[in-house]
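Structural overview
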Amino acid sequence: MATHVIPVDPFDLVIFGGTGDLAKRKILPGLFRRFVAGQMPEGARVIGAARGEFDDAGYRDFARDAIEKYAHGKIHDKGKINDFLNCLSYFRIDALGDGGWKDLAKIMRKDVVQAFYFSVGPRLFAPLAERLHKYKIAGPDARIVVEKPFGHDLESARALNAELAAYFKETQIYRIDHYLGKETVQNLMVVRFANILFEPLWNAQYVDHIQITVAETVGVGGRGAYYDKSGAMRDMVQNHLMQLLCLIAMEPPAHFDPDSVRDEKLKVIRALDPVEVEDIVRGQYRAGPDGPSYIEDAENPDSTTESYLAMKLHVSNWRWSGTPFYLRTGKRLRARKSEIAVVFKDPPHFIFGDQQEQRCNELIIHLQPNEGMDLRVTIKEPGPGGMRLMDVPLDMSFAETLGDEVDDIPDAYERLVMDVIRGDQTLFMRGDEVEAAWAWVDPIIKGWQDRGDQPKLYDAGSSGPEDALMLMHREGRRWREISE
Ligand code: NAP
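Since the model is a prediction, treat every value here as computed from it, not as a measurement. (Residues numbered from 1 in each chain as written. Predicted model: local features only at pLDDT ≥ 70, side-chain atom pairs only at ≥ 80, totals over all residues. Heavy atoms only, no water.)

**Observations concerning the pairing of strand S7 (residues 207-215)**
The element S7 is largely enclosed, with a buried count of 8 among its 9 residues. Two strands pair when backbone bridges link them, and S7 and strand S11 (residues 337-344) are joined in this way by 8 bridges, in the antiparallel orientation. Considered in S11, the bridge of Thr213 is made with Glu339. One ladder, built from 6 bridges, connects S7 with strand S10 (residues 324-330); its direction is parallel. Looking at S10, one finds that Ile212 is bridged to Leu327. (Buried < 20%, exposed > 50% of the residue type's maximum accessible area, 1.4 Å probe, protein only. Helix = DSSP H or I, 4+ residues; strand = E, 2+ residues; numbered from the N terminus. Pairing = 2+ DSSP bridges.)

The following block contains the structure:
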């Protein structure tokens, strides 16, 4: 299956934080893969910027290491790497100072797409925007790419939106949620809106419930201090899980364009009911045989921050009234697995005797580790042993369907960076979406603080706290297994 590549216009892309972890693991390897795919046009330039003492040659060495280590697929062609590295240069710039900015202004071209990737800590977002304006570096159509976290609560998100809006129009601001760049997440929209099959069933009449799981095996070691101020709600739910929820729950947009899609997502967030206290379980991992406890990782013996969260939500609108959405995410769990399960109701009348138990159609959307979808259907067990039924998946694993071509599925970041260059904001969060998500999250966090809520402890390597299982069991439902 040949992959279609549409070249983009020539561009200057400045990566602020070009020597950081994200640039090393995702942005530079992703750009290189686009270069190999033939998508980067003649004359495209990538400019790394940070305070470190690199020259162009040193930065190219840094990028070469990053590509050799992190670019996936069959692309380790030395010639190609050298060609790509020729597009790279480096500027020493302090986001909080004035050194280096005039030099950057001199080399930026006004007649190509200008993109500025803020791959730095959030306290630098506003100073960068201000300096791009002050030194007249960014033209009227320049784009800025803003990493997460976008604010810590509603107030800080509003303040950041206002600070960016002082220098850039909303159409120039690309707030990244890399979950939206995943192949399967986009496929979810195509499956829903390009087929007649699912949409008639996609509502409270036919869907029993929806489960969204983002489970990680890693703990917070290494970034414990940062994480401890954030927790699963701010780090995962407010952005990634809510974005997935929006794509599952939204109405079909009239057009597939950025604002039509984002208008529909926003309506979902605004339709979320406040969550009842008994519908949320917060957890924190204990020490296990192969790792320390959360409080050791966070170096905070008194920490009440959650490393796990499970919750039941209601989207109060005509489509979803009465259908619960269960969300869960956590660290140090049994397996690394992200998926969405749409669990359909039983047929209204069952004619195959006593074999109905535990049977239902499910559409499973796998986000990681292996992107793909499967639809579980009930069929007759083959053979003459009477009318026995069994459940089988109608499987659409990308790895199996596309074979070797699976290497060519772009990583979320490489797709999103190219969308920025193309000027397509569909897969980026709009300012009002981010604020609406915080407006829903803030009172929940405040409730925990006011009550002095203590997280439930769970064993590292388990499926999370027992109480989270009960969230489903008490209603006769069960979570899908967290396993590879
Ligand atoms: P990092 O490894 O700490 O890198 C930070 C980068 O910013 C470095 O290049 C650093 O270089 C530069 N920098 C720091 N202070 C600066 C200043 N005053 N002026 C100019 N440059 C400065 O951070 P990261 O992990 O790459 O994360 C970057 C952003 O992406 C953060 O907002 C993070 O939350 C977000 N993010 C990261 C990941 C990930 O996997 N790493 C995932 C999702 C989101 P110098 O110190 O030499 O200046």
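We are not done yet, so read on.
**Some points on the site of the ligand**
Near the ligand, the surroundings consist of 22 residues, among which Thr19, Asp21, Arg25, Ala95 and Val120 are the closest. Measuring from an oxygen atom of the ligand, one finds a backbone N or O atom of Gly20 at 3.0 Å. Contact between the ligand and Arg51: an oxygen atom at 2.8 Å from a main-chain N or O atom of the residue. Burial of the ligand by the protein chains amounts to 73% of its free accessible area of 880 Å². It is helix H1 (residues 21-36) that provides the largest number of residues to the shell around the ligand, a total of 3 residues. (Near = heavy atom within 4 Å. Polar contact = N/O pair within 3.5 Å; in protein donor to acceptor, adjacent residues only side chain to side chain. Areas by Shrake-Rupley, 256 points an atom, 1.4 Å probe, with all protein chains shown as cover.)

**Digging into the sheet that holds strand S1 (residues 11-16)**
Spatially, the 6 strands line up as an open sheet ordered S3-S2-S1-S4-S5-S6, and their pairing is parallel. A single partner strand is all that each edge strand has here, and the edge strands are strand S3 (88-92) and strand S6 (173-175). Each neighbouring strand pair of the sheet contributes to a mean axis angle of 20 degrees, computed without reference to strand direction. With 5 bridges connecting them, S1 and strand S2 (residues 45-50) associate as parallel partners. Directly across from Ile15, in S2, lies its bridge partner Gly48. Together, S1, strand S4 (113-118) and strand S5 (143-146) form the strand contacts of helix H5 (residues 125-134), whose direction differs from that of S4 by roughly 155 degrees. (Axes fitted to C-alpha atoms, helices over the stretch in contact; angles between N-to-C directions. Contact = heavy atoms within 4.5 Å.)

**Considering the packing of aromatic side chains**
Taken as a whole and assessed by the stated rule, the structure comprises 21 aromatic pairs. Ring centres 5.7 Å apart and planes at 15 degrees place the aromatic pair Tyr59 and Phe62 in the stacked group. Taken as a pair, Tyr59 and Phe62 lie in helix H2 (residues 56-70) at a separation of 3 residues, close to a single helical turn. Relative accessible area serves as the criterion here: at 0%, Tyr59 is assigned to the buried category. Of the aromatic side chains, those joined through ring pairs into one cluster are Phe16, Trp101, Phe116, Phe118, Phe125 and Tyr135. (Phe/Tyr/Trp six-rings, centres within 6.5 Å; stacked < 30°, edge-to-face > 60°.)

**Describing the side chain of Asp297**
Among the secondary structure elements, Asp297 is positioned in helix H11 (residues 294-297). No salt bridge is formed by the buried Asp297; its nearest oppositely charged neighbour, Arg332, is found at 5.2 Å. Once you skip the residues sitting within four places of it in the chain, Asp297 turns out to touch Gly219, Val220, Gly221, Gly224, Tyr285 and Pro292. (Lys, Arg positive; Asp, Glu negative; His and termini not counted. Salt bridge = Lys/Arg side-chain N within 4 Å of Asp/Glu carboxyl O.)

**Things to note about helix H15 (residues 466-473)**
If you check which residues of H15 are buried, you get Ala468, Leu471 and Met472. Angular distribution of buried residues about the axis of H15 spans 85 degrees; they occupy a single face of the element. In this fold, the buried residues of H15 make contact with S7, strand S8 (280-285), strand S9 (308-314) and S10. (Arc of directions from axis to C-beta.)

**Section: the environment of Thr19**
Relative to the elements of secondary structure, Thr19 occurs in the loop between S1 and H1. Of the residues examined, Thr19 reaches a relative accessible area of 25% and is grouped as partly exposed. With 33 residues separating them in the primary sequence, Thr19 and Gly52 have C-alpha atoms 7.8 Å apart. With sequence-adjacent residues up to four places away left out, Thr19 is seen in contact with Ala50, Phe54, Tyr59, Phe62 and Tyr90.

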